[in-house]
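In case you want the letters, here they are:
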Amino acid sequence: MPLARSLSMTSLNGLPQWEDEDLPVEDLLLFEVSWEVTNKVGGIYTVIQTKAKITADEWGENYFLIGPYFEHNMKTQVEACESPNPALKKAMDTIKGQGCQVFFGRWLIEGTPYVLLFDIGSAAWNLDRWKGEFWDVSNIGIPFHDREANDAVIFGSLTAWFLKEFDDKPNIIAHFHEWQAGVGLILSRSQKLPVATIFTTHATLLGRYLCAASIDFYNNLDQFDIDKEAGERQIYHRYCMERASVHCAHVFTTVSQITAIEAEHMLKRNPDVATPNGLNIKKFSAMHEFQNLHSMYKARIQEFIRGHFYGHLDFSLEKTLFFFIAGRYEFSNKGADMFLEALSRLNFLLRVHKSDVTVVVFFIMPAKTNNFNVESLKGQAVRKQLCHLVKQALYCLYRGEIPDLNKILDRDDITIMKRAIFSTQRHCLPPVTTHNMTDDGNDPILNTIRRIGLFNNRTDRVKVILHPEFLSSTSPLLPLDYEEFVRGCHLGVFPSYYEPWGYTPAECTVMGIPSVTTNLSGFGCFMQEHVADPAAYGIYIVDRRFRSPDESCNQLTQILYGFCQQSRRQRIIQRNRTERLSDLLDWRYLGRYYMHARHLALSRTFPDKFEMEPSAPPKTEGFRFPRPSSVPPSPSVSQHSSPHHSEGEDEDDDERYDEDEEAERDRQNIKSPFSLGVLPQGNKQQHGEYRN
């Protein structure tokens with residue numbers, strides 16, 4: 001039967017439609033295998049968790065996730081139940097009969113997909129035998145001291161054993177994520193199981209290690225001695241597991257074009273499809289509800305600032321912008337080094353031009369700490385004490401009375417007020433970190449702050465706050481969840497050097513918050529490809545690929561300075577535009593790339609049953625989100641038709657801006673041609689390993 005591209009749900013508003021014959025999912029089983037199923041380790045957990053709903057909608061009862069069993073995760077995230085599929089139940093019973101524990105249930109996330117969890121510990125007694133079998137088929141030896149690699153062998157062996165227990169019907173697709181799940185793919189292919197296999201790398205193992213060592217990675221991709229580099233870092237066996245998985249898979253995918261280039265050199269195979277990461281987008285019924293949320297959570301951040309800078313609050317919070325960077329504490333990979341240097345230059349520009357704008361920058365990057373900083377806690381206590389006294393006066397105003405201090409304040413209240421006022425007479429600078437760092441002297445962010453001199457002085461127009469802990473609504477300092485905090489900020493800055501995708505700027509986009517990314521991140525490349533003028537929509541892309549570090553830093557500084565020059569009205573317009581890009585990042589749109597990968601795998605595994613259309617598009621081209629009808633709301637580049645910069649709130653501007661009308665024009669101007677993300681093949685002769 002012919003196998004055609006399909007999309008089981010309607011296309012999103014304004015985006016190109018994709019309507020073809022559906023897959024006969026009732027005759028197929030789809031297994032998605034990852035070490036991060038119900039087990040949060042990194043970003044792959046977010047990919048699988050958010051994608052589950054659209055995959056479950058398409059595949060229904062024939063979609064299953066396979067992962068490792070951890071008791072805590074099982075109790076808190078999974079509802080145990082019986083398998084509805086007889087063949088699957090039979091395979092589970094066979095494995096249980098051999099003394100290995102298998103757990104089945106529904107993962108309590110959107111879509112509530114079925115999950116199959118293998119207990120690694122209960123099968124550990126097979127480790128030596130399985131390592132020997134793995135050596136026989138791959139010649140890859142696993143050191144006894146590498147716990148993670150040994151667990152991967154057990155997990156992969158259980159997965160291959162499970163898939164082997166199925167009969168020829170129904171046809172099976174098995175999608176493996178990252179090298180930890182790759183052993184199952186290698187063993188399945190070596191045993192010639194009738195399974196269509198897909199392998200996705202979210203970041204190459206060696207690439208992450210090399211970039212962490214501050215090596216000029218992208219300019220030397222074709223110069224590395226791969227085996228030597230992996231051996232020196234004692235990850236050669238892991239690298240071999242990853243590379244073997246890539247070459248054994250019927251279909252190989254990466255999450256972005258930049259990772260595809262990396263994989264070609266590191267893993268010696270061109271990816272077949274690029275499968276970008278998405279999010280589940282929930283639109284508000286009220287058009288500008290996200291703007292209201294921004295105002296609400298910005299006020300909460302302002303409350304924190306009042307306490308943190310007590311005694312030094314000589315800047316207007318109404319003219320204060322909040323920037324932030326968040327993610328794993330990878331100082332160079334995440335671009336924190338360049339960001340700090342750009343902040344130093346931005347501080348100089350704002351002071352030289354006597355700007356009344358103040359920028360408060362948050363670094364949300366978890367690190368080892370001892371406890372909260374005493375000065376930070378004291379500041380919040382002083383703020384709460386003063387707020388309590390002010391509220392008593394407000395109660396009188398609410399009743400329509402003029403506050404009489406003699407009535408609302410007794411002697412004790414006056415004493416407390418005087419003590420609070422005396423407490424604000426601070427003789428030290430506001431702290432640059434909210435916590436006491438375990439290794440303060442060797443912390444790269446703090447050392448850079450010392451070098452550039454951003455100590456939160458009164459004269460500094462850029463203030464820095466390092467929050468080395470995940471945000472939580474229960475925190476005594478900054479009681480906000482991450483999503484609430486992002487909504488309250490004005491700009492997210494992520495000048496990453498190594499970022500295969502980049503969920504942080506994507507999350508900013510769907511919340512209507514402008515962000516800075518780079519052309520070395522998967523997200524930045526995706527936006528350059530799909531948006532005609534990203535900066536007009538609040539997606540600023542720093543060129544870190546073709547410029548020197550100093551030129552890139554200057555470009556970032558100019559972006560930040562230009563953003564500081566925008567009026568409040570211009571920022572509101574820009575947030576409206578940024579939020580409109582959220583449709584591009586919706587799994588209902590990006591899920592089609594995974595569908596295409598599955599179709600391709602079926603056609604290569606079962607060519608007699610499934611055929612790909614000969615006219616299937618070879619690469620992504622043609623679709624570009626149009627430039628808005630008015631040019632970017634930036635004073636430095638705006639023309640007469642764009643919102644103008646003004647000192648006030650621009651309330652009386654003669655030019656009227658209708659966001660709904662502009663959004664409708666954007667949707668009408670979208671260019672319709674669309675094709676899937678199959679990566680263009682170069683002119684080089686393919687390596688023999690490419691053929692499967």
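That block above? That's the structure.
Since the structure is predicted, the reported quantities are computational estimates derived from the model, not experimental observations. (Residues numbered from 1 in each chain as written. Predicted model: local features only at pLDDT ≥ 70, side-chain atom pairs only at ≥ 80, totals over all residues. Heavy atoms only, no water.)

S.K.: Kindly report on the packing of aromatic side chains, identifying the contributing residues and their values.
M.R.: Two descriptors summarise a pair of aromatic rings, namely the distance from one centre to the other and the angle between the planes of the rings. A complete count under the given rule lists 33 aromatic pairs for this structure. Their ring planes at 85° and their centres at 6.1 Å tell us that Trp35 and Phe70 sit as a pair that is edge-to-face. Note that Trp35 is positioned in the loop between strand S2 (28-33) and helix H1 (43-59) and Phe70 in the loop between strand S3 (63-68) and helix H2 (71-77), a separation of 35 residues in sequence. When its relative accessible area of 14% is taken as the criterion, Trp35 is described as buried. The class for Phe70 is partly exposed, based on a relative accessible area of 34%. Aromatic pair Phe322 and Phe362: ring centres 6.3 Å apart, planes at 65°, arrangement edge-to-face. (Phe/Tyr/Trp six-rings, centres within 6.5 Å; stacked < 30°, edge-to-face > 60°. Helix = DSSP H or I, 4+ residues; strand = E, 2+ residues; numbered from the N terminus. Buried < 20%, exposed > 50% of the residue type's maximum accessible area, 1.4 Å probe, protein only.)

S.K.: Requested: an account of unusual backbone geometry, with residues and values cited.
M.R.: The phi dihedral of Thr38 is positive, around 60°, even though this residue is not glycine. Among the secondary structure elements, Thr38 is positioned in the loop between S2 and H1. Looking at Thr38, the relative accessible area reads 0%, which means it is buried. If you check the backbone angles, Lys354 has positive phi at about 50° while not being a glycine. Examined against the element boundaries, Lys354 turns out to sit in the loop between helix H12 (336-352) and strand S12 (358-364). Looking at Lys354, the relative accessible area reads 73%, which means it is exposed.

S.K.: With reference to specific residues and values, describe the sheet that holds strand S18 (residues 539-542).
M.R.: Strand order across the open sheet formed by 6 strands is S15-S12-S11-S16-S17-S18, with parallel pairing between neighbours. Each edge of the open sheet is held by one strand with a lone partner, namely strand S15 (462-467) and S18. Geometrically, the sheet is characterised by an average inter-axis angle of 25° between neighbouring strands, direction not taken into account. Strand direction decides the pairing type here: strand S11 (residues 320-326) and S12, joined by 7 bridges, are parallel. What sits directly across from Ile325, in S12, is Phe363. H12 contacts S11, S12, S15 and strand S16 (491-493) of the sheet and is inclined by roughly 170° relative to S12. (Pairing = 2+ DSSP bridges. Axes fitted to C-alpha atoms, helices over the stretch in contact; angles between N-to-C directions. Contact = heavy atoms within 4.5 Å.)

S.K.: Lay out the sheet that holds S2 in plain terms, naming residues and giving numbers.
M.R.: Spatial ordering of the open sheet is given by S4-S5-S6-S3-S2-S7-S8-S9-S10, a layout of 9 strands whose pairing is mixed. For this open sheet the edge positions go to strand S4 (78-80) and strand S10 (273-274), each flanked by a neighbour on one side alone. Summarising the sheet, strand S8 (residues 195-201) and strand S9 (residues 251-254) pair through 4 bridges and their orientation is parallel. Bridge pairing links Thr201 to Thr254 in S9. Helix H9 (residues 236-248) contacts S8 and S9 of the sheet and is inclined by roughly 135° relative to S8.

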